[in-house]
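# Coordinate analysis (summary)
Take a look at the letters that make up each chain.
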Amino acid sequence: MKLSPLFLAWVYLIMGALFVYIGLQYADETVWNFATIIFALIATIDFVVAFRLFGVHSAMKNKKDQ
């Protein structure tokens, strides 16, 4: 079973949003604690992967239409 890049992009986008939410929950007095920074880094990676997968989906769609 092959998963489409569009489906995976949405999964990574949702995971990134969840890591942002969890990171905000760990920010008590300041955002400069270890847990918040780690969650922000993981969320950033998830968002980058999601945007790249949206681009892959768009490229595959454009190639198919030609």
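Look a little higher up for the structure.
Residues numbered from 1 in each chain as written. Predicted model: local features only at pLDDT ≥ 70, side-chain atom pairs only at ≥ 80, totals over all residues. Heavy atoms only, no water.

## A few points about the overall build of the protein
We count it as follows: Comment: elements are numbered from the N terminus, with helices defined as DSSP H or I runs of at least four residues and strands as E runs of at least two. Throughout, the radius of gyration refers to the C-alpha atoms, and the reference size of a globule is 2.2 Å times the residue count to the power 0.38. The classification of residues rests on relative accessible area computed with a 1.4 Å probe and restricted to protein chains. Under 20% of the type maximum is buried, over 50% is exposed, and intermediate values are partly exposed. We call two residues in contact when some of their heavy atoms are within 4.5 Å. All accessible areas in this document rest on Shrake-Rupley with a 1.4 Å probe, and a residue is counted as covered only by the protein chains that are shown. His is not counted, nor are the chain ends; Lys and Arg add positive charge and Asp and Glu add negative charge. We put the charge of a Lys on NZ, of an Arg on CZ, of an Asp on CG and of a Glu on CD.
On a plain count of helices and strands, the protein comes out with two helices and zero strands. Against the compact-globule benchmark of 11 Å for 66 residues, the protein has a radius of gyration of 15 Å, which places it well outside the compact range. Dimensions of the protein, computed from the C-alpha atoms along their principal axes, are close to 55 × 20 × 10 Å. Residues classed as buried in the protein amount to 15% of the 66 residues present. Sequence-distant contacts in the protein: of pairs separated by 6 or more residues, those separated by 24 or more amount to 68%. Counting every atom, the protein has about 5400 Å² of accessible surface; 70% of that belongs to carbon and sulfur. Of note, the protein has its 5 positive side-chain charges centred 27 Å away from the centre of its 4 negative side-chain charges.

## Comments concerning the side chain of aspartate 46
To keep it simple, the criterion reads: By definition, a salt bridge exists where a carboxyl oxygen of Asp or Glu is found within 4 Å of a side-chain nitrogen of Lys or Arg.
Along the chain, aspartate 46 turns up in helix α2 (residues 34-65). One buried charged side chain, aspartate 46, makes no salt bridge at all; its nearest oppositely charged neighbour is arginine 52, positioned 12 Å away. The contact partners of aspartate 46, leaving out residues within four places of it in the chain, are Tyr12, Met15, Gly16 and Phe19.

## Points about the side chain of threonine 36
Selection rule: Whenever two N or O atoms come within 3.5 Å, that pair is a polar contact, provided that in protein one can donate a hydrogen and the other can accept it, and provided that, for residues adjacent in sequence, both atoms are side-chain atoms.
Considering the arrangement of structural elements, one finds threonine 36 in helix α2. Accessibility expressed as a relative area gives 9% for threonine 36, which makes it buried. A polar contact of 2.4 Å, which involves the side chain of threonine 36, links it to the side chain of asparagine 33. Leave out the neighbours within four places in its chain, and threonine 36 touches Gly23, Tyr26, Ala27 and Val31.

## Here's the deal with a nonpolar patch on the surface
To be explicit about the condition: Exposure above 30% relative accessible area and the absence of a salt bridge qualify a residue for a patch, where like charges join within 9 Å and nonpolar side chains (Val, Leu, Ile, Met, Phe, Trp, Tyr) within 5 Å.
Residues Val31, Trp32, Phe34, Ile37, Ile38, Leu41 and Ile42 make up a contiguous nonpolar surface patch of roughly 730 Å² in combined accessible area. Looking at where isoleucine 38 falls in the secondary structure, it is placed in helix α2.

## Side note on helix α1 (residues 5-26)
What counts, and what does not: Take the residue count of a helix, subtract one, and multiply by 1.5 Å to get its expected span. Our arc is simply the arc of the directions from the helix axis toward the C-beta atoms.
Here α1 is 22 residues long and its end C-alpha atoms lie 31 Å apart, about the 32 Å a rise of 1.5 Å per residue gives. For α1, every residue scored as buried is listed here: Pro5, Ala9, Gly16 and Gly23. Each buried residue of α1 lies within a common arc of 50 degrees when the element is viewed along its axis, so the set occupies one face.

These figures capture arrangement, not role.
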